[in-house]
Amino acid sequence: MTPEERAAALQALEAEVRNCTRCRLCETRTHAVPGEGPVTATIMFIGEGPGFNEDRQGRPFVGAAGRLLTELLMRIGLLREDVYITNVVKCRPPNNRDPQPDEIRACKPYLVRQLRLIDPEVIITLGRFAMERWIPNARITKVHGQGFLYGHRLIVPMFHPAAALHKPHWRPQLEEDFDRLPALIDRARLVRSGQMSATEAGITLLKPPSTPEEPTQLDLFGGSSSSGGNG
Ligand code: URA
Ligand code: SF4
């Protein structure tokens, strides 16, 4: 697909999400929040689910956690517009409760399709629910800021910005994890090109999934997305 075709497909996907009724969260949402950013983004952030402000505006990370995310991005010379930002569930869970397993499952095909279209080099998971997709059973307090290679993709679990606002002692760690990100991305590139070992780079290799996360282009519209992908 050309970049233009990918952009159009991403737009169509975002429109689909805005009308989605695949799980109960559609009944209580004001606006679904598909995500935003360029289809050419090399870094993708995945949060948990829209909060109050996101539900009002239909845009991800626009409240207090979003302001912190924008500040963190600026520390490493990035603008919000440079990255793709989305969530595990695209509609707000009532009273910001945790998303339930069946809701995460229902919404998963959208994330899988976003991953295929954007094909980011780096995924930053914000909080537990996004992390669990790639690194199940890990403790965020132990693995935050570390690099994991999942096929060609670098996965970096981080604390959720809302958690850092709630527990101020986590904030310096979140800032430090961001500050270390550019060097980590550089090392991951060296590992991918065979110029550095994963051990040397301090990067953990994850076992690739039995069902590939990104099937070939031919599978893109094959409708297998609900069963495809990992986790
Ligand atoms: N928290 C999230 O996980 N996602 C948002 O979009 C906003 C707050
Ligand atoms: Fe659809 Fe996801 Fe919203 Fe559920 S949370 S209604 S699956 S977009």
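Residues numbered from 1 in each chain as written. Chains lettered and ligands numbered in written order. Predicted model: local features only at pLDDT ≥ 70, side-chain atom pairs only at ≥ 80, totals over all residues. Heavy atoms only, no water.

Engineer: What is the right way to look at the site of ligand 2 in this model?
Structural biologist: The environment of ligand 2 is made up of V17, C20, R22, C23, L25, C26, R29, K90, C91, A106, C107 and Y110. Using a 2 Å cut-off from the grid points, one finds that ligand 2 occupies the largest cavity. Counting only elements with at least two residues in the shell around ligand 2, the list comes to helix 2 (25-28) and helix 5 (101-118). In terms of residue count, helix 5 provides more of the shell around ligand 2 than any other element does, three residues in total. (Near = heavy atom within 4 Å. 1 Å grid on protein atoms, 1.4 Å probe; cavity = no way out; pocket = protein on both sides within 12 Å on 5 of 7 lines; lining within 4 Å. Sits in = over half its atoms within 2 Å of the grid points. Helix = DSSP H or I, 4+ residues; strand = E, 2+ residues; numbered from the N terminus.)

Engineer: Mind showing me how you'd approach the nonpolar core here?
Structural biologist: Generally speaking, a soluble globular protein has its nonpolar side chains buried in company with each other. Judged by nonpolar contacts, the single largest core of 67 residues is most densely connected at F45, I124, W134, L154 and F178. Considering each element in turn, this core owes the most residues, seven residues, to helix 5. Non-local contacts of F45, meaning those with residues more than four positions away in its chain, are made with L69, L73, V83, Y84, I85, T86, I124, L126 and F178. (Core = buried A, V, L, I, M, F, W, Y, C linked by side-chain atoms within 4.5 Å. Buried < 20%, exposed > 50% of the residue type's maximum accessible area, 1.4 Å probe, protein only. Contact = heavy atoms within 4.5 Å.)

Engineer: Just to check I follow, could you spell out empty space enclosed by the protein for this structure?
Structural biologist: Sizing a probe to match a water molecule and rolling it over the atoms shows the empty space that remains. In the structure shown here, the tally under the stated rule is one cavity of 30 Å³ or more. Contributing to the lining of the largest cavity are 15 residues, with C20, C23, C91, C107 and Y110 lying nearest its centre. Breaking the lining of the largest cavity down by element, the ones donating at least two residues are helix 2 and helix 5. With four residues, helix 5 is the single largest residue contributor to the lining of the largest cavity. A class-by-class count of the residues in the lining of the largest cavity yields 10 nonpolar, one polar and four charged. (Points joined across faces, edges and corners; volume = space filled by probe spheres on them. Nonpolar A, V, L, I, M, F, W, Y, C, P; charged D, E, K, R; others polar.)

Engineer: What exactly am I supposed to notice about helix 4 (residues 64-75) here?
Structural biologist: Side chains of residues three or four places apart in an α-helix project in the same direction, reflecting 3.6 residues per turn. Along its 12 residues, helix 4 runs 17 Å from first to last C-alpha, staying within 8% of the 16 Å computed at 1.5 Å per residue. Within the span of helix 4, buried status applies to A65, G66, L68, L69, L72 and L73. An end-on view of helix 4 places all buried positions within 160° of arc, on one side of the element. Turned more than 90 degrees off the buried face of helix 4, the exposed positions are R67 and M74. Elements that come into contact with the buried residues of helix 4 comprise strand 1 (43-47), strand 2 (84-87), strand 3 (122-126), helix 8 (161-166) and helix 9 (171-179). One or two residues past the end of helix 4 sits G77, with phi positive at roughly 75°. (Expected span 1.5 Å × (residues − 1). Arc of directions from axis to C-beta.)

Engineer: Could you clarify how one ought to interpret the layout of surface pockets in this entry?
Structural biologist: By volume, the largest pocket is sized at about 660 Å³. Around the largest pocket, the lining comprises 27 residues; the ones closest to its centre are E48, G49, H160, A162 and A163. At the level of elements, helix 3 (52-57), helix 4, helix 6 (128-134) and helix 8 are the ones that each hand at least two residues to the lining of the largest pocket. The biggest single contributor to the lining of the largest pocket is helix 8, with four residues.

Engineer: What exactly am I supposed to notice about the pairing of strand 5 (residues 153-158) here?
Structural biologist: The side chains of a regular strand alternate between both faces of the sheet. Of all the six residues making up strand 5, six are buried; the element is thus mostly covered by neighbouring parts of the structure. Taking every second residue as pointing to the same face, both faces of strand 5 are buried, with R153, I155 and P157 on one and L154, V156 and M158 on the other. Looking at chain direction, strand 3 and strand 5 are connected through five bridges and run parallel. Each bridged residue has a counterpart across the sheet, and for I124 the counterpart in strand 5 is V156. For strand 4 (residues 147-150) and strand 5, the ladder comprises three bridges, and the chain directions are antiparallel. (Pairing = 2+ DSSP bridges.)

Engineer: What is the right way to read the pattern of salt bridges from this model?
Structural biologist: Across all of its chains, the model carries 17 salt bridges by this definition. We note a salt bridge from D98 to R128, for which the minimum N-O separation is 3.7 Å. Note that D98 is positioned in the loop between strand 2 and helix 5 and R128 in helix 6, a separation of 30 residues in sequence. Residue D119 pairs with R153 through a salt bridge whose shortest N-O separation is 3.0 Å. With D119 in the loop between helix 5 and strand 3 and R153 in strand 5, this pair connects stretches of sequence that are 34 residues apart. (Salt bridge = Lys/Arg side-chain N within 4 Å of Asp/Glu carboxyl O.)

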